[in-house]
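Each chain, letter by letter, is given below.
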Amino acid sequence: MPADTHATLPLPGLSPVAGKPIIARFDGGSLSSDGGLLALREVEARLGVARRLAACIDDPRAPERIQHGLAEMLRFRLLMIAAGYEDGNDADSLRHDPLFKLANGRLPGEAALCSQPTLSRLENTPGPRALIRMARAMVALYCASFRQVPRRITLDIDDTFDAVHGGQQLRLFNAYYDEYGFQPIVVFDGDGRPVAAMLRPARRPTGAEARNLLRRLVREIRSHWPRVEILIRADSHYCAPEVLDFCRATRIDFLLGVASTTTLRRHVEALEASTARRHTGAPGGEKLRRYKEFHDGAASWSRVERIIARVEVSAQGADTRFVATSLAAGSARTIYEDLYCRRGQAENHIKAWKRHLAADRTSCCRATANQFRLMLHTGAYWLLWSLRSLMPRRSTWRVAQFDTLRLRLVKLATRVVAMKTRIMLHLPSACPDRAILRLALERLPRLTC
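Just so you know, these numbers come straight off a predicted model, no measurement behind them. (Residues numbered from 1 in each chain as written. Predicted model: local features only at pLDDT ≥ 70, side-chain atom pairs only at ≥ 80, totals over all residues. Heavy atoms only, no water.)

(A) Just unusual backbone geometry, in detail. With a phi angle near 55 degrees, Ala18 is a residue other than glycine that sits in the positive phi range. Note that Ala18 resides in the segment before strand E1 (31–32). The phi angle at Arg251 is positive, at roughly 60 degrees, despite the residue not being glycine. One can find Arg251 in the loop between helix H9 (241–249) and strand E9 (253–258). The class for Arg251 is exposed, based on a relative accessible area of 66%. (Helix = DSSP H or I, 4+ residues; strand = E, 2+ residues; numbered from the N terminus. Buried < 20%, exposed > 50% of the residue type's maximum accessible area, 1.4 Å probe, protein only.)

(B) Quick peek at the pattern of salt bridges. As enumerated under the stated definition, the model contains 31 salt bridges in all. Its salt-bridge partner being Arg75, residue Glu44 comes within 3.1 Å of it at the nearest N-O pair. Placement of Glu44 in helix H1 (residues 37–47) and of Arg75 in helix H3 (residues 70–82) is noted, with a sequence separation of 31 residues between them. A single burial state applies to Glu44 and to Arg75, both of which are buried. Across the pair Arg200 and Glu209 runs a salt bridge whose closest N-O atoms are separated by 2.7 Å. Taking the relative accessible area as the measure of exposure, Glu209 reaches 18% and is therefore buried. Each of the salt bridges in this network shares a partner with another, and the network as a whole consists of Lys287, Arg289, Glu312, Arg333 and Glu337. (Salt bridge = Lys/Arg side-chain N within 4 Å of Asp/Glu carboxyl O.)

(C) How the structure looks around the sheet that holds strand E14 (residues 423–426). The strand order across the open sheet formed by 3 strands is E1-E13-E14, and the pairing between neighbours is antiparallel. Whereas interior strands pair on both sides, the edge strands pair on one side only; in this sheet they are E1 and E14. Bridging between strand E13 (residues 414–418) and E14 involves 4 bridges; their strand directions are antiparallel. Bridged to Arg415 within E14 is His426. (Pairing = 2+ DSSP bridges.)

(D) Structural detail: helix H15 (residues 402–410). Regarding H15, the residues found buried are Phe402, Leu405, Arg406, Leu409 and Val410. The buried residues of H15 occupy an angular sector of 105 degrees when the element is viewed end-on, so they sit on one face. (Arc of directions from axis to C-beta.)

(E) Structural context of the sheet that holds strand E11 (residues 305–314). Read across the open sheet, the 8 strands follow the order E7-E6-E2-E8-E9-E12-E11-E10; overall the sheet is mixed. Looking at which strands have only one partner, the edges of the open sheet turn out to be strand E7 (194–198) and strand E10 (288–296). In this sheet, neighbouring strand axes are inclined to one another by 20 degrees on average, regardless of whether the strands run parallel or antiparallel. As judged from the 4 bridges shared by E9 and strand E12 (residues 317–325), these two strands associate in the antiparallel manner. Within the sheet, the bridge partner assigned to Leu255 lies in E12 and is Thr325. On top of the sheet, helix H7 (residues 128–144) reaches strand E2 (152–159), strand E6 (185–189) and E7; it is set at about 165 degrees to E7, its chief contact. (Axes fitted to C-alpha atoms, helices over the stretch in contact; angles between N-to-C directions. Contact = heavy atoms within 4.5 Å.)

Have a look at this one:
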């Protein structure tokens, strides 16, 4: 497609180089700044995220008047989020982008993709039943992402604060954060795959609320894998009697933080004192960590549980943490350091979900629309996580953050030339990461969905 010949104002303030003025205009024609988007398109095609979500929505539109199918609109929005365009208003410009058209199965010269008002109507279309079907579809996507049925999976459950600045449904004032907002519960597995995301008011989840979420989640996972072993990891406010009883009744292992109490501290008083003396007498003042295990339980618990205490003394003082677990095997040190501490990776997954994919853009008035947005941002997370999983296992690309993947592999200037028998994409010759992009595309058949 030839360059745009319409007059546009040049960019001001550009200094000359070698005595020659620089004139820059937005008149390049069929160009795109997201050349790597087609790699994400191939990932989405194998995962079928848009297709899975579209199958859960009842389309109220008249069939003879539909110009944009549900799957196409969802794919457009997922690719926008993955490419860093979390604001739906950007759709009014990107709907003409040749790469976004190609990624949605349209030629550059064909009609534009859907507009921002169309996407806004889509966000407000799903009702509670459709959202429940979508949650099941996301669990089905999670189960389909394994090449073979795993013997054991680990689920990390956590919640995160999401500030809002309007009159959204379900918003609540949280005194700790001194703001109105939501506090969605999100679930990732041990490898960083997203499993579930539930919108809820900004308050600490109760034991009954956590149990109900776990019941639905475990039931859906076991409908795909009846014999899989499940380990639940979470911090102390999920260590409620309802959760413990549910895990025991459904044969689920748990590894949960326990809030410190005077009863628990009596078990470690002597260990804390001896550890402090050792630290004082040790040369160099390095921190000292010791462990103790015992059986105890709160008055509200139906039985005592195995408690692991970690006592750490450093220059900043003593710090003691408690963990309750149903695991019978393994030493206290192994369970705490090799199993429980890995729960911290869940915070990195939440950071990628919120900061790199803007999952906290829950600015719709209706709670159902904001829950749908969580689904969309989780779907975009799947695209980038799957792209990263194609990287060599021992390379730095395998642990690269999503914003790094986007910057290095998606944000590539591209000139699109539509010919009669083919479409040519001219990518930058100086691209430093073309080898890794080629490798990722070669490994696409490894994706299992």
